[in-house]
Amino acid sequence: MKKVIATLIAGLFASAAFAQAPAPSASTSVPVAKAQAKEAKTDAKADAKETKAVTKADAKEAGKEASAKQDVTSAKADNTVAKVKAHSTADKTKAKAADKETKVEAKAAPAGK
């Protein structure tokens, strides 16, 4: 009985070994590998172009933003200069008016004695 079972098991292993599909030949996988490599290279180029475009757009936007900030800063500086000039002119006008008033009072004071 043991011999019969051993023969059946050996037969199963032998039939299983011969029933396997033949291994694919290397010649059919080479074009597939080349196509995959070409596709990967194309994808990498597309990604690089996209990254370059995004970087360029970001740099352009940052430049515009910096320019706008510079314009605002320049306008603020111009406004400050204008305020200083206006205050200076007002102070000079007040000083001249006070000087004239002092001169008028000085002339009026001796006549009143």
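Whatever comes next refers back to the structure up there.
Calculation rules
Position numbers for residues count from 1 along each chain, tracking the sequence in the order it is written. Side-chain atom pairs in this predicted model are given and counted only at pLDDT of 80 or more, local residue features only at pLDDT of at least 70, and totals for whole chains, interfaces and linings cover all residues. The basis for every side-chain value is the complete set of heavy atoms in the structure, and neither hydrogens nor water enter the calculation. A run of H or I in DSSP counts as a helix once it spans at least four residues, and a run of E counts as a strand once it spans at least two, with each numbered from the N terminus. For every residue, the accessible area (1.4 Å probe, protein chains only) is compared with the maximum for its type, and the residue is labelled buried under 20%, exposed over 50%, or partly exposed between those bounds. All accessible-area figures derive from a Shrake-Rupley calculation using a 1.4 Å probe, and residue coverage is judged against the displayed protein chains alone. For this analysis, a salt bridge means a side-chain nitrogen from Lys or Arg found within 4 Å of a carboxyl oxygen belonging to Asp or Glu. Patches draw on residues past 30% relative accessible area with no salt bridge. Two like charges within 9 Å are joined, as are two nonpolar side chains (Val, Leu, Ile, Met, Phe, Trp, Tyr) within 5 Å.

A. Fine view of the overall build of the protein chain. Secondary structure summary: the protein chain contains 2 helices and 0 strands in total. When each of the 113 residues of the protein chain is scored for burial, the buried share is 0%. Of the roughly 10,500 Å² that the protein chain leaves accessible, carbon and sulfur atoms contribute 65%.

B. Examining the pattern of salt bridges more closely. Overall, the coordinates contain 1 salt bridge when judged by the stated rule. Between K103 and D99 there is a salt bridge; the shortest N-O distance is 3.9 Å. You can see K103 and its partner D99 sitting in helix α2 (residues 26-111), 4 residues apart, about one turn around the helix. Residue classification places K103 among the exposed residues on the basis of a relative accessible area of 51%. Accessibility expressed as a relative area gives 41% for D99, which makes it partly exposed.

C. Structural view of a nonpolar patch on the surface. On the surface, M1, I5, I9 and F13 cluster together into a nonpolar patch covering about 480 Å² of accessible area. As for its position among the elements, F13 is in helix α1 (residues 2-19). With relative accessibility at 61%, the residue F13 sits in the exposed group.

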